[in-house]
Amino acid sequence: MKAKLIRYPGRKWLKHEALWAYPNLRDHLPDTMLFSQQAFIDMIDKYKVVFVKPDLGMQGKGVMKVTTIKENGGGYVIRTADNAFAYRDVRNAAKKLSQLIGHQQYLVQQGIDLIRLKGKPIDFRALLHIKPDGNWRFFGIMGKVAAANQIVTNYNSGGRAIQLHQALELSIEESHEWEMLIKQLSGQFARAMKKSFPRITELGLDLAIDTKGQIWLLEANTKPHYKLFRHHSNPSLFAKIASSARSIRSSGA
Ligand SMILES: Nc1ncnc2c1ncn2[C@@H]1O[C@H](COP(=O)(O)OP(=O)(O)O)[C@@H](O)[C@H]1O
Ligand SMILES: [Mg+2]
């Protein structure tokens, strides 16, 4: 299988398909399709909110959010980083998306109703490195809160790091249970990723918690930044991560 040779699988679609093969993970994977006008029309009908994003994207660039509105006779709003377009007819919204996308490969994904902090959406980054014995080491999890009026939480779009308990508005002790749950699920994702892409050594999982408390994987980064972890409640964690990343990257394993 070609995927086995890829060291840093970048394409979100390839990773989604690989993980979808594991029935135990499906409850945590947003429904995703390759973008076409028809796929968008089907997905927006089903989920009411969808994200349309580049297959080979990063830093939140090119991510769009489409919402269904019920007021004023109904319609659809396409939101980009700096614009919004409204349509009554779903086919016109689909055409506009096609125009915005051009010739690149894009995905259309079930929108997750992210929990919020003071009205701003939050998601999470879990970080794992492979150990010499082949098991994964889970370092921890950080929250990312979007800047005002942004649809993505990425640092480059003004997102900022917050600690898990701050994101969940819980005490550190109370947030511990969530951390354990996330750690366990992250391990399952990491093992599945490693089976499909045996050469990966690091994982930065973009995880979301929806307003009902369900945990979702938005994307799996295989060459993750770890700057966020400078803000972790454990002040020595960042140095540990940096040292582990150096040894993994220099060994070129
Ligand atoms: N399906 C989704 N539901 C809700 N928010 C999403 C969804 N997909 C992406 N986002 C938001 O957009 C951000 C960027 O999307 P992501 O898939 O991580 O792409 P990138 O590679 O650009 O970081 C996410 O961190 C999240 O804030
Ligand atoms: Mg991301």
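Residues numbered from 1 in each chain as written. Chains lettered and ligands numbered in written order. Predicted model: local features only at pLDDT ≥ 70, side-chain atom pairs only at ≥ 80, totals over all residues. Heavy atoms only, no water.

J.: What is the right way to look at the site of ligand 1 in this model?
T.: In the vicinity of ligand 1, 20 residues are found, and the nearest of them are K12, K53, G60, D123 and E219. E219 is positioned such that a nitrogen or oxygen atom in its side chain is 2.9 Å from an oxygen atom of ligand 1. The protein chains hide 99% of the 540 Å² of surface that ligand 1 would expose on its own. Among the cavities detected, the one that contains ligand 1 is the largest cavity. Every element with two or more residues in the shell around ligand 1 is listed here: β2 (49-54), β6 (106-110) and β12 (215-221). Here the residues of the shell around ligand 1 are counted per class, giving six nonpolar, eight polar and six charged. Counting residues domain by domain, the shell around ligand 1 receives three or more from each of domain 1 (3-30 + 114-251) and domain 2 (32-110). (Near = heavy atom within 4 Å. Polar contact = N/O pair within 3.5 Å; in protein donor to acceptor, adjacent residues only side chain to side chain. Areas by Shrake-Rupley, 256 points an atom, 1.4 Å probe, with all protein chains shown as cover. 1 Å grid on protein atoms, 1.4 Å probe; cavity = no way out; pocket = protein on both sides within 12 Å on 5 of 7 lines; lining within 4 Å. Sits in = over half its atoms within 2 Å of the grid points. Helix = DSSP H or I, 4+ residues; strand = E, 2+ residues; numbered from the N terminus. Nonpolar A, V, L, I, M, F, W, Y, C, P; charged D, E, K, R; others polar. Domains from an automatic or database assignment.)

J.: What's the story with a positive patch on the surface in this structure? I'm lost.
T.: Together, K131, R137, K183 and K240 give the surface a local cluster of positive charge. Accessibility expressed as a relative area gives 35% for K131, which makes it partly exposed. (Patch = residues over 30% accessible without salt bridge, like charges linked within 9 Å, V, L, I, M, F, W, Y side chains within 5 Å. Salt bridge = Lys/Arg side-chain N within 4 Å of Asp/Glu carboxyl O. Lys, Arg positive; Asp, Glu negative; His and termini not counted. Charge placed at Lys NZ, Arg CZ, Asp CG, Glu CD. Buried < 20%, exposed > 50% of the residue type's maximum accessible area, 1.4 Å probe, protein only.)

J.: I keep staring at empty space enclosed by the protein and nothing clicks. Help me out?
T.: Empty space left among the atoms is revealed by rolling a probe the size of a water molecule over them. In this structure the tally under the stated criterion is two cavities of 30 Å³ or more. Considered as a void within the structure, the largest cavity measures approximately 340 Å³ in volume. What lines the largest cavity is a set of 24 residues, and nearest its centre among them are K53, V63, V152, N154 and L218. Among the elements of the structure, β2, β6 and β12 are those that each provide at least two residues to the lining of the largest cavity. Sort the elements by how many residues they give to the lining of the largest cavity and β2 lands first, with three residues. Tallied by class, residues from the lining of the largest cavity come to nine nonpolar, eight polar and seven charged. For the lining of the largest cavity, the domains that each give at least three residues are domain 1 (3-30 + 114-251) and domain 2 (32-110). For the second largest cavity, the calculated volume is near 140 Å³. Contributing elements (two or more residues each) for the lining of the second largest cavity: α1 (12-20), β6 and β12. (Points joined across faces, edges and corners; volume = space filled by probe spheres on them.)

J.: Looking at this model, I keep getting lost on helix α3 (residues 90-101). Mind explaining?
T.: Residues lying three or four places apart along an α-helix face the same way, a consequence of the helix completing one turn every 3.6 residues. Over its 12 residues, α3 runs 16 Å from end to end, which matches the ideal 16 Å to within 8%, given 1.5 Å per residue. Those residues of α3 lying buried are V90, A93, A94, K96, L97 and I101. One face of α3 carries all of its buried residues, which in axial projection span an arc of 160 degrees. In this structure, α3 carries R91 and Q99 as exposed residues pointing more than 90 degrees from its buried face. Of the residues that open α3, the one with a side-chain oxygen 2.7 Å from the backbone nitrogen of R91 is D89. Two residues or fewer after α3 comes G102, characterised by a positive phi angle close to 70 degrees. (Expected span 1.5 Å × (residues − 1). Arc of directions from axis to C-beta.)

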